[in-house]
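Residue strings, one per chain:
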Amino acid sequence: MRHFGSPLWERHVNGHHKPALAALEPGSVYAPELRPPPVSLPSRQRVPVGSAGPTPRHIVLLCTTVLTTLLAGMNWEGIASPLEHLGQFYRGIPYAVTLLGILFCHEMGHYLTARYYGMEVTWPFFIPGPPFLMGIPFLGTFGAVIRMKSPPQHRRALLYVGAAGPIAGFCVALLAIMYAYAMATVAPTPPGASSFYFTVVSTLPDGSNFYFHEPLLLRLVSLCILGPLPEGMTVSINSVGVAAWFGLLVTVLNLLPIGQLDGGHIVYALLGRRARYVSWLAIVGLLVLGVGWWSGWILWAFLGWLSGRRQPVVLDQYDPLNRHSHLIAGIALAIFVLCFVPVPISL
């Protein structure tokens, strides 16, 4: 757990011990001739990494986020003024537990994988957010982050750390959305609503509906659980489904192949410095989507531009990827394709 390099299972090839910390010599089975001559890298030395526990700041932020997501959950359950009905806080628990559970598993996927590769990282910082904006229900949180205090040893570690979070969060969100569809009801499609939307009924203070676009994944889940819907009918889900849908959206946003996002780390591990071209292409694509479909993509294009100016730092740029690395990258890509929608939300 305390080594700073490849895990044990990656250091044995064909029954021979593969050195993980010493410089590899050209001509060996582990170092093709294209590798540069071995050099002495201080970063390859064993670095003792401690495991600091949560700080008071972590606890305060978590407690605050629990409160804001409870209020948001009450709002998504149709309580127009949660602060005036605090006695019904229990109605916000399903939403809060689902959303925070997805975010927690996402960040712990990063944390545990980074610790496995000997990196020094902090515990997750939960960021509270408003439970509602101008009378419209909101998430109650801006997500969670961890801080990496030491760089990954090689590109495999960067890829695994970047992909572990979205994959872990996706698994929890998928279970939650399956439960929500199992408990969902089929209702007539409101006038003017597209057949590409499922409906969350009576969530806004005025009793109107909030429309979420169904990505391909939810289409498949709906078909498996509810079967083909009759013409003119749509799906009405509970607050657990709302939280799971937001969890899938967070997963998609994190998998955008831009800069310091998880997707940016994965693409950099695959392509190296050429990943910057993919980042710029993704930013242009978001701008096109923002102008033509959903204006929220313009904000993400701007945030991506801010993040994309700085690429990840990897100590060993030449250590090659293996089959497992490409498999993990393929899983992350599949999750992105299944969950991406050009127009996520419509009022």
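The coordinates are above.
Residues numbered from 1 in each chain as written. Predicted model: local features only at pLDDT ≥ 70, side-chain atom pairs only at ≥ 80, totals over all residues. Heavy atoms only, no water.

Bringing the packing of aromatic side chains into the picture now. Enumeration according to the criterion identifies 14 aromatic pairs in this entry. In this structure an aromatic cluster arises from ring pairing among Trp76, Phe212, Trp245 and Phe246. (Phe/Tyr/Trp six-rings, centres within 6.5 Å; stacked < 30°, edge-to-face > 60°.)

Another aspect to go through is the environment of Thr122. Positionally, Thr122 belongs in the loop between α2 (93–116) and β3 (125–128). What makes Thr122 buried here is its relative accessible area of 10%. Spatially, the C-alpha atom of Thr122 lies 5.6 Å from that of Ile146, the residues being 24 residues apart in sequence. Within polar-contact distance, the side chain of Thr122 engages the backbone nitrogen of Arg147 at 2.9 Å. (Helix = DSSP H or I, 4+ residues; strand = E, 2+ residues; numbered from the N terminus. Buried < 20%, exposed > 50% of the residue type's maximum accessible area, 1.4 Å probe, protein only. Polar contact = N/O pair within 3.5 Å; in protein donor to acceptor, adjacent residues only side chain to side chain.)

Moving on, we get to a nonpolar patch on the surface. Residues Trp280, Leu299, Phe302, Leu303, Trp305 and Leu306 make up a contiguous nonpolar surface patch of about 580 Å² in total accessible area. Sort the elements by how many residues they give to the nonpolar patch and helix α8 (residues 296–308) lands first, with five residues. The residue Leu303 is located in helix α8 in this model. (Patch = residues over 30% accessible without salt bridge, like charges linked within 9 Å, V, L, I, M, F, W, Y side chains within 5 Å. Areas by Shrake-Rupley, 256 points an atom, 1.4 Å probe, with all protein chains shown as cover. Salt bridge = Lys/Arg side-chain N within 4 Å of Asp/Glu carboxyl O.)

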